[in-house]
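Chain residues, written in single-letter form:
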Amino acid sequence: MENITLADVEKKAVMNYDFSIKNVAETILKKKKIVVMAGAGMSVSAGIPDFRSPGTGLYSNLEKYDLPSSTSPEDLFTIDYFKDNPMPFTLRAHCLMPGQFLPTPTHHFIKLLSDKGLLSRVYTQNIDTLEVLAGIPADKTVFAHGSFADVHCIGDERHPVALEAWRAQIDKRDPPRCKECDALVKPDIVFFGENLPERYVELRRTDLEEADMLIIVGTSLQVHPFCSLLNETRADIPRVLINLQPSGEHLGLLFDHKDNYRDVFLKGTCDDQVKALCKVLGWTKDLDRLMQEQKKKENDGWKIIVEAQKKKRQTQPK
Ligand code: OAD
């Protein structure tokens, strides 16, 4: 995809070299197959720290997980490490348990893209399930690194494991084990050393080839293979990064470069930037309505996840 060279006139047609937020908003309204790539920055205002922000990110604050000094921060999410020492992840799972956090304006903005028929798919690296709570339809969401919405026995995935039973063990800070074989039970999140979900593999190619705009929110674009999605799009679509700092320049996002005709960097918190976009789009009332409706469901977080899991198990029995 990336190697296709566009004529000058085709490059001009992408954004008319106007990288203002106003033009980003106007461009959104002309699209029908927007793909969103999301990362941890999107959930920071919900109270979940990201990974790599110096000082505030999880990887700078690992004291309570009691990792030996020889381990790297990513070991917390590495399958071999988990098998040897499940306690640090058990403590982390307790902190992240769904139901404690609410979706952010940025999650609701993605829901609005979906409601208005503009969203092809959101690919999220986040495992916090806030996309589910925001009501983004399941068929519009790909949890590229899995999610907390279900659990399985790592010895044999066919062994039945109840989400509630898993949660009860995590609440006691006791690494959950399978009743049938005593192997560890783990949420369906992708650890380093594991394959990405089938759904990601199945949908990725077509979604990216057909995408007419890419919006990237709250990610350092450091983790493969997820980050490489941005180079699987056609060369004639706009790519918009909403983030505190520029990322993805190592992958070819150009921003201030003289050859840029399609990459836009909206610098700031994703919530501020999506609110500014909504203002130009005339969607502020819609966004406020979704936020108000969310408040009424404040205490339903865990229930919604359990229901989503039941539905998932009925349609894809293990
Ligand atoms: P990172 O922590 O690597 O990057 C988060 C990005 O969001 C950074 O560039 C921040 O500057 C930015 N950011 C933070 N707060 C923000 C805010 N309020 N608004 C906008 N931007 C903000 O997180 P990810 O890129 O999501 O994988 O990390 C990718 C993967 O690395 C995770 O899925 C996880 C981790 O290791 C696994 O565990 C497999």
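The sections below set out a description of the structure shown in this document. Everything numeric here is computed off the predicted structure, so don't read it as measured data. Along each chain, numbering runs from 1 in the same order as the chain's sequence is written. Whole-chain, interface and lining totals are the exception, using all residues; otherwise, since this is a predicted model, local features are given only for residues with pLDDT of at least 70 and side-chain atom pairs are given and counted only at 80 or more. With hydrogens and water excluded, all non-hydrogen atoms of the structure serve as input to the side-chain values.

Runs of E in the DSSP output that reach at least two residues are strands. Runs of H or I that reach at least four are helices, and both are numbered from the N terminus. Secondary structure summary: the chain contains 11 helices and eight strands in total. Our radius of gyration is a C-alpha quantity, and the globule rule it is checked against amounts to 2.2 Å times the number of residues to the power 0.38. For 318 residues, the compact-globule estimate of 2.2 N^0.38 gives 20 Å, and the C-alpha radius of gyration of the chain, at 20 Å, lies within 12% of that figure. Here the C-alpha coordinates of the chain stretch approximately 65 × 45 × 40 Å along the principal axes. Relative to its 318 residues, the chain shows a buried fraction of 51%. For every residue, the accessible area (1.4 Å probe, protein chains only) is compared with the maximum for its type, and the residue is labelled buried under 20%, exposed over 50%, or partly exposed between those bounds.

Turning to the site of the ligand, a few remarks are in order. One heavy atom within 4 Å of a molecule or strand makes the whole residue count as near it. The full set close to the ligand counts 24 residues, and F51, R52, Y59, T219 and S220 are the nearest of them. Here Q125 contributes a backbone N or O atom positioned 3.4 Å from an oxygen atom of the ligand. Between the ligand and T219, the relevant distance is 2.7 Å, taken from an oxygen atom to a side-chain nitrogen or oxygen of the residue. Throughout, the Shrake-Rupley method with a 1.4 Å probe supplies accessible areas, and for residues the shown protein chains are the sole cover considered. Notes on the ligand: free accessible area 800 Å², of which the protein chains cover 95%. For this classification, Asp, Glu, Lys and Arg are treated as charged, while Ala, Val, Leu, Ile, Met, Phe, Trp, Tyr, Cys and Pro are nonpolar and the rest, including Gly, are polar. Within the shell around the ligand, the residues separate by chemical class into 10 nonpolar, 12 polar and two charged. We define a polar contact as two N or O atoms separated by no more than 3.5 Å, with the added condition that, inside protein, one atom must be a possible hydrogen donor and the other a possible acceptor, whereas residues neighbouring each other in sequence contribute only through side-chain atom pairs.

A carboxyl oxygen of Asp or Glu within 4 Å of a side-chain nitrogen of Lys or Arg is what we treat as a salt bridge. Under the counting rule described, the total for this entry stands at 15 salt bridges. R158 serves as the salt-bridge partner of D156, at 2.9 Å between the closest nitrogen and oxygen. Since its relative accessible area comes to 64%, R158 is described here as exposed. Residues joined in a network through salt bridges with shared partners are K116, D286, R289 and E293.

Strands in a sheet are paired, the pairing made by backbone hydrogen bonds, and the direction either parallel or antiparallel. Two strands qualify as a pair provided that DSSP identifies no fewer than 2 bridges between them. Spatially, six strands are ordered β3-β2-β1-β6-β7-β8 in an open sheet, and the strand pairing comes out parallel. Only two strands of the sheet have a single partner each, and these edge strands are β3 (141-143) and β8 (263-267). If you compare each strand with its neighbour and ignore which way they point, the axes differ by 15 degrees on average. Bridge count for strand β7 (residues 239-243) against β8 is five bridges, and the pairing is parallel. From the neighbouring strand, R239 faces β8, where its bridge partner is D263. Throughout, a contact is declared for two residues whenever any of their heavy atoms are within 4.5 Å. Axis angles are defined between N-to-C directions and span 0 to 180 degrees, where every axis is a line fitted to C-alpha atoms and, for a helix, only to the segment in contact. Contacts from helix α9 (residues 270-281) reach β7 and β8, with the element oriented near 130 degrees to β7.

Between helix α7 (residues 163-171) and helix α11 (residues 301-315), whose axes approach to 11 Å, the crossing angle comes to 140 degrees. The angle between α7 and α11 falls in the class oblique. Contacts between α7 and α11 involve L163, E164 and R167 from the former and W302, I305, V306 and Q309 from the latter. Here roughly perpendicular refers to angles of 65 to 115 degrees, roughly parallel to angles under 35, roughly antiparallel to angles over 145, and oblique to all remaining angles.

This paragraph deals with helix α8 (residues 198-210). Counted at 1.5 Å a residue, the expected span for α8 with its 13 residues is 18 Å, and the 19 Å between its end C-alpha atoms agrees. Along α8, the helix axis deviates most sharply at R204, where the bend reaches about 40 degrees. On its buried face, α8 sits against β1 (34-38), β2 (119-124), β3 and β6 (213-217). A helix's residues, less one, multiplied by 1.5 Å, set its expected span. Note that bend, as reported per residue, equals the angle between axes fitted to the 7 residues terminating at that residue and the 7 residues originating from it.

Put plainly, a pocket is an open set of points on a 1 Å grid over the protein atoms alone with protein on both sides within 12 Å along at least five of seven lines, a cavity is a set where a 1.4 Å probe fits but cannot get out, and a lining residue has an atom within 4 Å of a point. Grid points are joined across faces, edges and corners, and a volume is the space filled by probe spheres set on the points. The full count for this structure, using the stated rule, is one cavity of 30 Å³ or more. By volume, the largest cavity amounts to about 30 Å³. Listed by contribution, the elements that provide at least two residues to the lining of the largest cavity are α4 (87-96) and α7. The class makeup of the residues in the lining of the largest cavity is nine nonpolar, one polar and no charged.

Next up on the list: the environment of V122. Positionally, V122 belongs in strand β2. Linking V122 and I21, residues 101 residues apart in sequence, is a C-alpha distance of 21 Å. The contacts of V122, once residues within four sequence positions are left out, are V36, A38, I110, I136, K140, T141 and V142.

The next point concerns the packing of aromatic side chains. Geometry of an aromatic ring pair is reported as the spacing of the ring centres plus the angle between the planes. Stacked, tilted and edge-to-face are the three classes applied to pairs of Phe, Tyr and Trp rings, where Trp contributes its six-membered ring and a pair requires centres within 6.5 Å; stacked means planes under 30 degrees apart, edge-to-face means over 60, and tilted covers the rest. The full count for this structure, using the stated rule, is 11 aromatic pairs. Ring geometry for F77 and F89: centres 6.3 Å apart, planes at 75 degrees, overall edge-to-face. In this pair, F77 sits in the loop between β1 and α3 (79-84) while F89 sits in helix α4, placing the two residues 12 residues apart along the sequence. You'll find F77 and F89 in the same group, each marked buried.

Attention now moves to the pairing of strand β5 (residues 185-189). In terms of burial, β5 is largely enclosed, as five of its five residues are buried. Of the pairings in the sheet, the one linking strand β4 (residues 146-153) to β5 comprises four bridges and is antiparallel in character. Counterpart to H152 in the pairing with β5 is K186.

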